[in-house]
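Letter by letter, the chains look like this.
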Amino acid sequence: MKSKLIAPSILAADFGNLQRDVEMINKSEADWFHIDIMDGVFVPNISFGMPVLEAITSHARKTIDVHLMIVDPDRYIKTFKALGADNLTVHYEACTHLHRSLQAIRAEGMKAGVALNPHTPVELLEDTIKEIDLVCLMSVNPGFGGQKFIEHTYNKVRRLRDMIQRNGASTLIEIDGGVTSTNAPALIAAGADVLVAGSFVFKATDPLETIKELKNIANT
Ligand code: DX5
Ligand code: ZN
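Student: I'd like a description of the site of ligand 1, backed by residues and values.
Tutor: The full set close to ligand 1 counts 20 residues, and S9, D36, D176, G198 and S199 are the nearest of them. Residue S9 places a side-chain N or O atom 2.8 Å away from an oxygen atom belonging to ligand 1. Here an oxygen atom of ligand 1 and a side-chain polar atom of S199 are 2.4 Å apart. Protein chains bury 98% of the 380 Å² of accessible surface belonging to ligand 1 in isolation.

Student: Can you break down the coordination of the zinc ion (ligand 2) residue by residue, with the values?
Tutor: Six octahedral donors around a metal ideally sit at 90 or 180 degrees from one another, while four tetrahedral donors ideally sit at 109.5 degrees. Ligation of the zinc ion (ligand 2) by protein atoms is provided by H34 (NE2), D36 (OD), H67 (ND1) and D176 (OD), these donors lying 2.0 to 2.3 Å from the ion. Along the chain, the residues donating to the zinc ion (ligand 2) fall in the pattern H-x1-D-x30-H-x108-D. Of this pair, H34 sits in strand β2 (residues 32-38) while H67 sits in strand β3 (residues 63-69), placing them 33 residues apart in sequence. With relative accessibility at 0%, the residue H34 sits in the buried group. Assessed through its relative accessible area of 1%, H67 is described here as buried.

Student: With reference to specific residues and values, describe the packing of aromatic side chains.
Tutor: Inspection of the entire model under this criterion finds two aromatic pairs. When the centroid spacing of 5.4 Å and the interplanar angle of 55° are considered together, the rings of F149 and Y154 count as tilted.

Student: Any details on the environment of M50? Residues and values, ideally.
Tutor: On the secondary structure map, M50 appears in helix α2 (residues 50-59). Linking M50 and I37, residues 13 residues apart in sequence, is a C-alpha distance of 8.8 Å. Apart from the residues within four sequence positions on either side, M50 is in contact with Y76, T79, F80 and L83.

Student: Explain the pattern of salt bridges residue by residue, including any values.
Tutor: Should the charged atoms of two oppositely charged side chains come close, the side chains can pair. Taken as a whole and assessed by the stated rule, the structure comprises 14 salt bridges. For E23, the salt bridge goes to R61, with nearest N and O atoms at 3.6 Å. Linking E23 in helix α1 (residues 18-27) with R61 in the loop between α2 and β3, this pair joins segments that are 38 residues apart in sequence. Residue class for E23 comes out partly exposed when judged on its relative accessible area of 31%. Residue R61 is classed as exposed on the basis of its relative accessible area of 61%.

The rules behind each value
Chains are numbered independently. Their residues run from 1 in the order of the written sequence. Key to labels: chains lettered from A, ligands numbered from 1, both in the order written. In keeping with the predicted nature of the model, local features appear solely for residues at pLDDT of at least 70, side-chain atom pairs appear and are counted solely at 80 or more, and the whole-chain, interface and lining totals rest on all residues. In computing side-chain properties, one takes all heavy atoms of the structure into account and sets aside hydrogens as well as water. One heavy atom suffices: a residue is near a molecule or strand as soon as one of its heavy atoms comes within 4 Å of it. Definition of a polar contact: a pair of N or O atoms within 3.5 Å, with one able to donate and the other able to accept a hydrogen when the atoms are protein atoms, and with sequence-neighbouring residues admitted only if both atoms are side-chain atoms. What sets the accessible areas is the Shrake-Rupley method with a 1.4 Å probe; for residues, cover comes only from the shown protein chains. Only nitrogen, oxygen and sulfur atoms count as donors, using a 2.8 Å cut-off from the metal that widens to 3.2 Å for Na, K and Ca. Water is left out, so coordination shells may look unfilled. Strands are runs of DSSP state E lasting at least 2 residues, helices are runs of H or I lasting at least 4, and numbering of each runs from the N terminus. Relative accessibility decides the category of a residue: with a 1.4 Å probe and only protein chains considered, values under 20% of the type maximum give buried, values over 50% give exposed, and everything between is partly exposed. Aromatic pairs are defined between Phe, Tyr and Trp rings, using the six-membered ring for Trp, whenever the two ring centres lie within 6.5 Å; interplanar angles under 30 degrees are classed as stacked, those over 60 as edge-to-face, and all others as tilted. Whether two residues touch is decided by their heavy atoms; if any such pair falls within 4.5 Å, the residues are in contact. Salt bridges are counted wherever a side-chain nitrogen of Lys or Arg sits within 4 Å of a carboxyl oxygen of Asp or Glu.

As structure tokens, this is what we get:
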């Protein structure tokens, strides 16, 4: 079986020591950098924007996975490409013309992702699944790190895995929010491909060791 991926979320990093934390991920066993952009409109929080993303990508040496929690994301697709995004994920709930947004992301040479809030059924992706490289299932309500994992997520992973198989799609399933080494094995067993982890990695006494622990789970 293909090894599953670990994506530490920079939202939980120490922004006063951003380069240090980026270098820590570079030398860790993590696969991707997960980067949360929030606009204070789509979600009740503002994280950081383009200049900080540029600072991150100038040091990062792994896949840049950008999760946009912003309204009308089409405005910035070209900008995020120019800033170094490899994957660009938009929220289903923020896109009036999701199919068009996905095409625009792929046209820029990026992998196209769709994130679903906890209340949004995976079935709403039945007609676009072949256009989607990555589905990000939110396992907390987006906007903040450090929240409690929503258990219903397992059910959504299984339904999404079934949809991907039925459609012959190669979409990856990413889980975002409250991921720890406790729920990681069951998430992978349910069909997850990518685990995002913010607080669990950065609040650990030994983040490198914590990433290794997650990667070992991902490899089993
Ligand atoms: C929440 C963000 C997550 C967040 C996860 O809106 O999308 O990526 O950083 O943080 P933890 O792992 O602390 O729940
Ligand atoms: Zn995220």
